[in-house]
Amino acid sequence: MTTVLQHVVRRSILRPFAKSFSSGSPLVDVQVNDKTGVAIVKMGRAPVNGLNTELLGALNDTFDSLEKNKATGMILSSSIPNIYSAGLDISEMYNGTPENLTKFWNTLQSMWINLYSTPLPTVALINGNAPAGGCLLAMSCEYRVMVGSKFVIGLNETQLGLFAPKWFQDTMVSIIGPRQTELALTSGKLFSAQEALKIGLIDELVASEEEALASSDKFFGLFKRIPGYARGQTKNFVRAEVLDWLLKNREHDTKVFLNSIQLPHVQKGLGLYLQSLKKK
Ligand SMILES: CC/C=C\C/C=C\C/C=C\CC/C=C/CC(=O)SCCNC(=O)CCNC(=O)[C@H](O)C(C)(C)COP(=O)(O)OP(=O)(O)OC[C@H]1O[C@@H](n2cnc3c(N)ncnc32)[C@H](O)[C@@H]1OP(=O)(O)O
């Protein structure tokens, strides 16, 4: 079922790229530069861009529409100060019915497949904390620019008594390699901006959003003279192994998620974690 918000997002980004515009959606704001065709997609689900089914669906629709409308590139960012995304919305995973959990997980899978495999050049403009699913979003883009040195990024799932699914892990391996991924994931490490830069989890650390946009322009500029098809196919080949695993194992992955997340001790842990976040 299409929600009103998703409809607004879809309708807005179907408008021609004559002008930059905002979708007016509180969840996903899209502005397309009419000169370059680059879209800035900003997540805006208060308070922390928790990735619930609705936001994941809105992102998925946005990625689809940008491709259909021949955007030339995408910058994925946030409109919430100091927050990129707090990752998966824990309330969706706590006490969810099997039907809702399945829908949530399948929407996450679809969004990731779309983002990871888009032929568009993609930049994550990380203007806030990016734990867990927030880190996944950033890692799925081709280039990562963090704004300001006070934020953290990483897959901290083990700290919550969870584990990062294989495709989350493989995405990180493809960026920082198996050794560093194992060290980071087994300890649930959240990297400071400096640490992330040193290890290659982010590509640039800049002081302002203006600088980050300039870095993004420079990145997109790399492809000015490269035929889109050649670029897209190359990206496909480089990403094929990580992507193919999920494409071939979606049902299995969903079962693993459902079985693990519904374990009584996992649910208890999630409940306590949610409480601890609310008590802060
Ligand atoms: C044996 C193994 C068993 C099981 C394995 C099970 C499954 C395996 C398969 C899948 C694994 C599932 C994968 C999960 C990936 C994830 O993404 S999990 C989410 C992890 N995220 C985090 O740990 C981040 C938690 N949040 C924070 O650290 C901070 O909130 C943050 C730094 C982002 C922002 O800080 P701040 O600005 O100070 O805000 P607050 O902390 O005050 O938060 C404001 C309100 O937002 C609520 N909130 C925060 N994060 C979340 C969240 N992820 N989901 C839902 N709600 C969140 C917080 O409670 C506050 O709510 P309030 O306003 O008080 O009501």
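Data block above holds the structure.
Residues numbered from 1 in each chain as written. Predicted model: local features only at pLDDT ≥ 70, side-chain atom pairs only at ≥ 80, totals over all residues.

(A) Inspection of the overall build of the protein chain at higher detail. A count of helices and strands for the protein chain gives 10 helices and 10 strands. Taking 2.2 N^0.38 as the reference for a compact globule, 280 residues should give roughly 19 Å; the C-alpha atoms of the protein chain span a radius of gyration of 18 Å, in line with that estimate. Along the three orthogonal principal directions, the C-alpha set of the protein chain runs to about 55 × 45 × 40 Å. The long-range fraction of contacts in the protein chain, counting pairs at least 24 apart against all pairs at least 6 apart in sequence, stands at 70%. (Helix = DSSP H or I, 4+ residues; strand = E, 2+ residues; numbered from the N terminus. Rg over C-alpha atoms; globule rule 2.2 N^0.38 Å. Contact = placed C-beta atoms within 7 Å.)

(B) Representation of the nonpolar core. Among the nonpolar cores identified, the biggest contains 71 residues, and Ala39, Leu125, Ile126, Ala138, Met146 and Ile153 are the most heavily contacted of them. Per-element accounting of this core gives the leading share, seven residues, to helix α4 (residues 98–117). When neighbours within four sequence positions are excluded, Leu125 is seen to be in contact with Ile75, Leu76, Ser77, Val145, Val147, Ala212 and Ser216. (Core = buried A, V, L, I, M, F, W, Y, C linked by C-beta atoms within 7 Å. Buried ≥ 20, exposed ≤ 12 C-beta atoms within 10 Å, placed from the backbone.)

(C) Just the site of the ligand, in detail. Around the ligand, the structure places 27 residues, and the nearest of them are Gly87, Ala132, Gly133, Ser260 and Leu277. Counting residues per element, the ones that place at least two in the shell around the ligand are α3 (90–93), β6 (128–131), α9 (228–261) and α10 (264–279). Residue classes in the shell around the ligand are distributed as 16 nonpolar, seven polar and four charged. (Near = placed C-beta within 6 Å. Nonpolar A, V, L, I, M, F, W, Y, C, P; charged D, E, K, R; others polar.)

(D) Expanded view of unusual backbone geometry. Note that the residue after Ala46, namely Pro47, is joined by a cis bond; omega there is 5°. With respect to the helices and strands, Pro47 occurs in the loop between β2 (38–43) and α2 (53–68). In the Ramachandran plot, Asn95 falls in the positive-phi region, its phi being about 60° despite a non-glycine side chain. For Asn95, the location among the structural elements is in the loop between α3 and α4. Take Asn95: there are 12 C-beta atoms within 10 Å of it, and that puts it in the exposed class. Here the phi dihedral of Ala132 falls at roughly 50°; this positive angle occurs in a residue that is not glycine.

(E) Examining the sheet that holds strand β5 (residues 122–126) more closely. Sheet architecture is open: six strands sit in the order β1-β2-β3-β5-β7-β10, paired in mixed fashion. Two strands close off the open sheet at either side, each with one partner strand: β1 (28–32) and β10 (204–206). When strand polarity is set aside, the average angle formed by the axes of neighbouring strands in this sheet is 20°. Relative to strand β7 (residues 143–147), β5 is paired through four bridges, and the arrangement is parallel. Looking across to β7, one finds that Val123 is bridged to Tyr143. In the packing of helix α8 (residues 209–221) onto the sheet, the strands contacted are β2, β3 (73–78), β5, β7 and β10, and the crossing angle to β7 comes to about 165°. (Pairing = 2+ DSSP bridges. Axes fitted to C-alpha atoms, helices over the stretch in contact; angles between N-to-C directions.)

(F) Representation of the environment of Thr62 in the model. Tracing the backbone through its elements, the reader meets Thr62 in helix α2. The spacing of Thr62 and Asn114 is 52 residues in sequence and 10.0 Å in space, taken between C-alpha atoms.

(G) Summary view of the environment of Tyr116. By the element assignment, Tyr116 lies in helix α4. For Tyr116 and Arg239, which are 123 residues apart along the polypeptide, the C-alpha to C-alpha distance reads 7.8 Å. Contacts of Tyr116, omitting those with residues within four sequence positions, involve Ser140, Arg239 and Leu243.

(H) Representation of the packing of α4 against α9. Remark: α4 packs on α9, axes separated minimally by 10 Å, with the N-to-C direction vectors making an angle of 175°. In terms of orientation, α4 and α9 fall into the roughly antiparallel class. Listed contacts from α9 to Pro98, Leu101, Thr102, Trp105, Asn106, Gln109, Ile113, Tyr116 and Ser117 of α4 are Asn236, Arg239, Leu243, Leu246, Leu247, Arg250, Asp253, Thr254, Phe257, Leu258 and Ile261. Here the residues of the contact of α4 with α9 are counted per class, giving 11 nonpolar, six polar and three charged. (Parallel < 35°, antiparallel > 145°, perpendicular 65-115°, else oblique.)

(I) Fine view of the packing of helix α6 (residues 166–187) against α9. Packing of α6 against α9 leaves a shortest axis separation of 9 Å and a crossing angle of 175°. In terms of orientation, α6 lies roughly antiparallel with respect to α9. Residue-level contacts link Lys166, Trp167, Asp170, Thr171 and Ser174 of α6 to Val242, Trp245 and Leu246 of α9. For the contact of α6 with α9, the class distribution of residues is four nonpolar, two polar and two charged.

(J) Region of the structure containing α6. With 22 residues, α6 should cover 32 Å at 1.5 Å per step; its first-to-last C-alpha distance of 16 Å lies more than 12% under that length. In the structure, α6 departs most strongly from a straight axis at Gly177, where the bend amounts to approximately 120° and where the proline Pro178 lies between one and four residues downstream. Along α6, the positions that sit buried rather than exposed are Trp167, Phe168, Thr171, Met172, Thr181, Ala184 and Leu185. Looking at the buried side of α6, the elements it contacts are α5 (133–140), β8 (152–154) and α9. Following α6 by one or two positions, Gly188 has its phi on the positive side, about 65°. (Expected span 1.5 Å × (residues − 1). Bend = angle between axes of the 7 residues up to and from the residue.)

Worth remembering: the numbers are spatial, not functional.
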